[in-house]
Amino acid sequence: MTATLIEHADVLITMDVARREIKDGALLIQDNAIAWVGPSAEIPRPDPSDPYTVINARGKIVLPGFVNTHHHFYQTLTRVIPAAQDVVLFDWLKTLYPIWAELTPDDVFVSTQLALTELLLSGCTTSSDHHYLWPNGSRLDDQFAAAETVGSRFHGARGSMSLGESKGGLPPDRVTDSEENILRDSRRVVETYHDPRRFAMRRVLLAPCSPFSVTPDLMRESVVLARSFGQEMDVHLHTHLAETRDEEAFCLERFGYRPGDYAEQLGWVGKDVWHAHCVHLNQAEIDLFARTKTGVAHCPTSNMRLASGIAPVRSMRDAGVPVGLGVDGSAPMTAATCSTKRANACCCSG
Ligand SMILES: [Zn+2]
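Residues numbered from 1 in each chain as written. Predicted model: local features only at pLDDT ≥ 70, side-chain atom pairs only at ≥ 80, totals over all residues.

**Section: the overall build of the protein chain**
Going by this rule: Runs of H or I in DSSP of at least four residues are treated as helices and runs of E of at least two as strands, each being numbered from the N terminus. Here the globule rule reads 2.2 Å times residues to the power 0.38, and the radius of gyration is calculated from C-alpha atoms. Whether a residue is buried, exposed or partly exposed is read from the other C-beta atoms within 10 Å of its own C-beta, which are placed from the backbone; 20 or more gives buried, 12 or fewer gives exposed, and intermediate counts give partly exposed. Here the contact rule is simple: place C-beta atoms from the backbone, and any two residues whose C-beta atoms are within 7 Å are in contact.
From N to C terminus, the protein chain includes 11 helices and 14 strands. Here the protein chain has a C-alpha radius of gyration of 21 Å; the compact-globule value for 350 residues is 20 Å, and the two agree. Expressed along its principal axes, the backbone C-alpha trace of the protein chain runs to roughly 65 × 45 × 45 Å. For the protein chain, the residues scored as buried account for 42% of the 350 residues in total. Sequence separation of at least 24 residues holds for 71% of the intrachain contacts in the protein chain that already meet a minimum separation of 6.

Have a look at this one:
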């Protein structure tokens, strides 16, 4: 067994149910689990016959690792593109899709290393990533290989886009894939990488990109596939929802539903589902999410950058919707907001 003792932290913040904050706090880590927290004077010393590491945290605060609930790692390579500045979401996407169409497996690997390293430097130890285009032979395998080199806990999304311009969707056809391929590869990566055990370093989620880039059939089939693995595997589902007024209009016009109602029609509610953004949910949709324990990744930085609106987080929390924070992709960022965003990083509540 390997042990690490962190002691004499000015404050140790537990984030436990009682929200305890321990002055002159200490923390004992055995193998990869926290075994004990409490005042430094009371900490049980590890067996001295086994060598262990001691870290003196005087002058420091110790707090749990943050959890990032929404990101697009590959976008770390396309920050500050002049043509994508000062535009709203749909125009921003249409500017960047042709650049992203050139991504290679090596680009996916390097951008995953870069994004996870930035996250670790700001205290984030667990991150999901919503990667939804796989051009030029790139695969989720490239991301898991990169995450292993960084040592970060990684929940990789087998994301997808299937509704190209020729079918009335937003992305160019060449960054979309057939639904048959998407579902086949989704099954493969779950079977290869998904680890449902406690302390797992790798989990897989199924994540069609958004209502305007996949068909209702793929949304339904993804739910069926994720749940077909059973409760023990607990494969989760993730997508973008209700991010902008444009999306709301698209859903009403194309599907005849508001975004939250559309999600319910597709089976995309439940404690195994979380949606990014949810800026434009109405109270009935918030109540639906609360009732079904459907989660939300709140991404305030990108919502502000793209002027998408302000998510009704207070109403969501009051109703009992589980809400976490997400950094979202970094491609919208200007050089100045990039560093702000890293500093703000992320955390998870509920
Ligand atoms: Zn996003």
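**Some remarks on the nonpolar core**
The following threshold applies: In these notes, a nonpolar core means any group of buried Ala, Val, Leu, Ile, Met, Phe, Trp, Tyr and Cys residues linked to one another through C-beta atoms within 7 Å.
Met161, Leu205, Leu237, Trp268, Cys278 and Val296 are the most contacted members of the largest nonpolar core, which has 59 residues in total. What Cys278 contacts, discounting residues up to four positions off in sequence, is Leu241, Ala242, Val296 and Ala311. Of all hydrophobic cores here, the second largest spans eight residues; its members include Leu5, Leu12, Ala26 and Leu27.

**Brief notes about the domain arrangement of the protein chain**
Note the following rule: Residue ranges assigned to the domains are those given by an automatic or database domain assignment.
Along its sequence, the protein chain is carved into domain 1 (3-62) and domain 2 (66-349). Between the C-alpha centres of domain 1 and domain 2 the distance comes to 35 Å.

**Focus: the pairing of strand 4 (residues 52-56)**
Note the cut-off: Here the rule is simple: two strands pair whenever DSSP picks up at least two bridges between them.
The buried count for strand 4 comes to zero of five residues, which makes it a mostly uncovered element. When strand 1 (residues 3-13) meets strand 4, the two strands line up parallel, connected through five bridges. Its bridge partner being in strand 4, Glu7 is matched across the sheet by Asn56.

**Some thoughts on the environment of Val87**
If you trace the backbone, Val87 turns up in the loop between strand 6 (66-68) and helix 1 (89-100). Spatially, the C-alpha atoms of Val87 and Val279 are 18 Å apart, while their sequence positions differ by 192 residues. Once residues lying within four places of it in the same chain are set aside, the contact partners of Val87 are Trp92 and Thr95.

**Regarding the packing of helix 4 (residues 179-193) against helix 5 (residues 216-228)**
Put simply, the rule is: Interaxial angles span 0 to 180 degrees and are taken between N-to-C directions of axes, which are lines fitted to C-alpha atoms, for helices over the stretch in contact. Every angle not falling under 35 degrees, over 145, or within 65 to 115 is termed oblique; those three ranges are roughly parallel, roughly antiparallel and roughly perpendicular. Working rule for handedness: look at the near helix, and if it is turned counterclockwise from the far one by less than a right angle, call the crossing left-handed; if clockwise, right-handed. Classes in brief: Ala, Val, Leu, Ile, Met, Phe, Trp, Tyr, Cys and Pro nonpolar; Asp, Glu, Lys and Arg charged; the others, Gly included, polar.
Put simply, helix 4 and helix 5 touch, their axes get as near as 11 Å, and they point 20° apart. Between helix 4 and helix 5, the angle falls in the class roughly parallel. Classified by chirality, the crossing of helix 5 by helix 4 is right-handed. Across the interface between the two elements, Glu179, Ile182, Leu183, Ser186 and Arg187 of helix 4 pack against Asp217, Leu218, Glu221 and Leu225 of helix 5. Residue composition of the contact of helix 4 with helix 5, by class: four nonpolar, one polar and four charged.

**A closer look at the packing of helix 2 (residues 105-121) against helix 3 (residues 140-150)**
With their axes 8 Å apart at the nearest point, helix 2 and helix 3 run at an angle of 40° to one another. The angle between helix 2 and helix 3 places the two elements in the oblique class. For the pair helix 2 and helix 3, the crossing hand works out as right-handed. Contact with helix 2, carried on its side by Pro105, Val108, Phe109, Thr112, Gln113, Leu116, Thr117 and Leu120, involves Asp142, Gln143, Ala145, Ala146, Ala147, Thr149 and Val150 of helix 3 and no other residues of that element. Across the contact of helix 2 with helix 3, the residue classes break down as nine nonpolar, five polar and one charged.

**Considerations on helix 8 (residues 283-292)**
Let me state the cut-off plainly: In this description, the arc belongs to the directions extending from the helix axis to the C-beta atoms.
Those residues of helix 8 that sit buried are Glu285, Ile286 and Phe289. For helix 8, the buried positions fall inside an angular range of 105° around the axis, keeping them on one side. The exposed residues of helix 8 that point more than 90 degrees off its buried face are Gln283, Ala284 and Arg291. Here the buried face of helix 8 lies against helix 7 (259-265), strand 12 (295-298) and helix 10 (313-319). Positive phi shows up at Lys293, right after helix 8, with a value of about 60°.

**Thoughts on the environment of Trp36**
With respect to the secondary-structure elements, Trp36 resides in strand 3 (residues 33-39). Once you skip the residues sitting within four places of it in the chain, Trp36 turns out to touch Leu28, Ile43 and Pro44.

**Thoughts on unusual backbone geometry**
The backbone of Asp24 shows a phi angle near 45°, a positive value even though the residue is not glycine. Among the secondary structure elements, Asp24 is positioned in strand 2 (residues 21-30).

**Side note on the environment of Met219**
As for its placement among the helices and strands, Met219 is situated in helix 5. We classify Met219 as buried; it has 22 C-beta atoms within 10 Å. Once the C-alpha coordinates of Met219 and Thr239 are considered, the two residues, 20 residues apart in sequence, prove to be 9.4 Å apart. Those residues in contact with Met219 that lie beyond four places of it in its chain are Pro208, Val214, Leu266 and Trp268.

**Focus: the pairing of strand 1**
Where strand 1 lies against strand 2, eight bridges are found, and the strand directions are antiparallel. Note that in strand 2 the partner of Leu12 across the bridge is Ile22. As paired elements, strand 1 and strand 5 (residues 61-62) share two bridges and run parallel to each other. Bridge pairing links Leu12 to Val62 in strand 5.

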